[in-house]
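For reference, the chains in residue letters:
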Amino acid sequence: MLETKRPLSECTAFQDTSLVIAPRLLPWYDRHARELPWRKGPQKMRGSGDQRELAVPYHVWLSEIMLQQTTVATVKAYFLKFLAIWPTVEDLAQADLDQVLTAWAGLGYYARARNLHRCAQVVAEELDGIFPDNEAALLKLPGVGPYTAAAIAAIAFDRPAAVVDGNVERVIARFYALQDPLPGVKTEIRTLAAKQTPQERSGDYAQAMMDLGATICTPRNPACVLCPIQAGCLGREKGIAAELPKKAPKKLKPIRRAFAYLFRDEEGSVLLRRRAESGLLGGMVEVPSGSWGEAPEPERDRFLDDLGHWSLLEGQVKHTFTHFHFEISLLQAKVGKDEKEQIAGKVGGSWHVAEEFSGLALPTVMKKILYQAV
DNA sequence: AACGCGGGGTA
DNA sequence: TACCCAGCGTT
């Protein structure tokens with residue numbers, strides 16, 4: 001395969017002397033690119049021509065949505081599961097939202113799953129199942145922002161879009177020794193990143209930059225000695241690479257507390273209900289709970305209190321969300337056969353045995369509660 | 001521009 | 001255990 005490539009020196013990307021990153025980064029990527037389920041090999045050639053084998057747009061889109069705020073290691077299994085269940089964007093568009101949320105459970109940021117489903121429907125029903133091949137059109141799709149639009153344009157269609165995620169921000173901030181803190185310095189980073197984006201092998205370049213940030217130019221303890229662009233890196237020259245990019249101080253997370261109310265029947269079934277469509281854990285399944293307050297002690301829920309004879313279980317479940325810590329105290333009540341349906345109606349939920357849990361859209365915090373109590 | 005939104009990895 | 005990471009949509 002490698003012999004069929006044109007010499008690097010013939011690529012216009014390497015003749016432009018203002019490009020200081022791509023000429024060193026792409027050869028490194030050819031040797032070190034990670035094998036990922038949604039990725040074709042770097043610059044694989046077909047036959048004697050120079051046409052690249054590009055990844056399937058559906059695969060690129062699906063993986064990029066999952067990779068927002070989520071590590072490669074975590075995404076792999078979910079990506080393969082989604083592809084097994086829904087091989088095409090039309091399949092995904094025809095799924096029920098609840099099926100999608102169930103498959104997404106555990107990945108977090110559940111608005112991504114709702115937007116994923118909406119986006120699949122737009123592509124399948126309004127765009128003949130074909131993803132747009134340019135940044136501007138991609139940007140209009142639900143759940144597709146500046147990063148993802150650029151990533152799909154570059155990786156799926158080899159367009160010279162400037163792909164700037166957190167990894168690229170870090171690489172650029174260090175390479176140019178940008179001392180100003182994020183998020184203010186973002187505009188400057190984008191400008192420099194756009195200038196360094198080559199017209200050829202743009203998709204490989206985008207992935208190479210992100211691979212570099214994920215494996216060499218890491219947030220802490222960057223492996224500068226192994227870095228293909230260490231020559232010319234101002235952050236390394238000045239000995240400040242590891243401290244960049246600087247960031248505005250983050251605020252501390254408050255602790256919220258709540259009681260979870262576990263209605264149990266004689267056979268071990270638990271009463272679960274669906275959360276509101278939007279907001280925290282939107283559309284996901286939950287154990288009924290009282291209010292999630294910041295007071296030193298959790299608050300009992302009048303309405304739920306009256307529906308059973310409650311006993312406090314030992315221990316608390318702890319979970320951390322994006323912006324608060326959560327401590328849950330567990331209450332349990334036995335419900336007789338004859339009351340089950342009436343209580344389910346009042347609570348607005350339904351009864352489930354443990355064997356059904358894996359088929360429900362249960363976020364991690366709810367699994368923790370059920371695992372501890374059931 | 002600031003905030004809301006999960007979960008996993010590392011020191 | 002404490003801290004770190006990070007796109008999109010909404011406000």
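Above this text sits the structure in question.
Residues numbered from 1 in each chain as written. Chains lettered and ligands numbered in written order. Predicted model: local features only at pLDDT ≥ 70, side-chain atom pairs only at ≥ 80, totals over all residues. Heavy atoms only, no water.

Chemist: Which residues make up the overall build of chain A, and what values go with them?
Modeler: When its secondary structure is counted, chain A shows 15 helices and 6 strands. With respect to the three principal axes, the spread of C-alpha positions in chain A is 80 × 50 × 30 Å. Burial statistics for chain A: of 374 residues in total, 51% are counted as buried. The contacts of chain A with a sequence gap of at least 6 include a subset with a gap of at least 24, amounting to 70%. Placing the 46 positive and 45 negative side-chain charges of chain A at their respective mean positions leaves the two points 6 Å apart. (Helix = DSSP H or I, 4+ residues; strand = E, 2+ residues; numbered from the N terminus. Buried < 20%, exposed > 50% of the residue type's maximum accessible area, 1.4 Å probe, protein only. Contact = heavy atoms within 4.5 Å. Lys, Arg positive; Asp, Glu negative; His and termini not counted. Charge placed at Lys NZ, Arg CZ, Asp CG, Glu CD.)

Chemist: Let's hear about the pairing of strand β1 (residues 255–264): which residues, and what values?
Modeler: Among the 10 residues of β1, 8 are classified as buried, and the element is accordingly described as predominantly covered. The sheet contact formed by β1 and strand β5 (residues 325–334) spans 10 bridges and is parallel. Following the sheet pairing, Arg257 is matched in β5 by Glu327. (Pairing = 2+ DSSP bridges.)

Chemist: Hey, could you go over the packing of aromatic side chains for me, with residue numbers and the actual values?
Modeler: For the structure on display, the rule yields 14 aromatic pairs. Each residue in the set Trp292, Phe321, Phe324 and Phe326 is aromatic and connected to the rest through ring pairs, giving one cluster. Over the aromatic face of Phe324 sits the side chain of Arg256, whose NZ or CZ is 3.9 Å from the ring centroid. The residue whose ring lies beneath Arg300 is Phe259, and the NZ or CZ to ring-centre distance is 5.4 Å. (Phe/Tyr/Trp six-rings, centres within 6.5 Å; stacked < 30°, edge-to-face > 60°. Lys NZ or Arg CZ within 6 Å of the ring centre and 35° of its normal.)

Chemist: Describe the protein's contact with DNA strand B, listing the residues and the values that go with them.
Modeler: Close to DNA strand B lie 21 residues; Gln69, Tyr109, Tyr110, Leu281 and Thr322 are nearest. What you see for DNA strand B is that sugar and phosphate hold 61% of its atoms within 4 Å of the protein. Here a base nitrogen of DNA strand B sits 3.5 Å away from a polar atom, N or O, in the side chain of Thr70. At 3.2 Å, a backbone N or O of Leu280 approaches a phosphate oxygen of DNA strand B. Residue composition of the surface near DNA strand B, grouped by class: 8 nonpolar, 12 polar and 1 charged. (Near = heavy atom within 4 Å. Polar contact = N/O pair within 3.5 Å; in protein donor to acceptor, adjacent residues only side chain to side chain. Nonpolar A, V, L, I, M, F, W, Y, C, P; charged D, E, K, R; others polar.)

Chemist: Tell me about the protein's contact with DNA strand C, and please be specific about residues and values.
Modeler: In the vicinity of DNA strand C there are 18 residues, among which Gln69, Gly143, Gly145, Thr148 and Gly166 approach most closely. Measuring from a phosphate oxygen of DNA strand C, one finds a backbone N or O atom of Val144 at 3.4 Å. At 3.1 Å from a phosphate oxygen of DNA strand C is found a main-chain nitrogen or oxygen belonging to Pro146. Of all the secondary-structure elements, those providing two or more residues to the surface near DNA strand C are α8 (146–157) and α9 (166–175).

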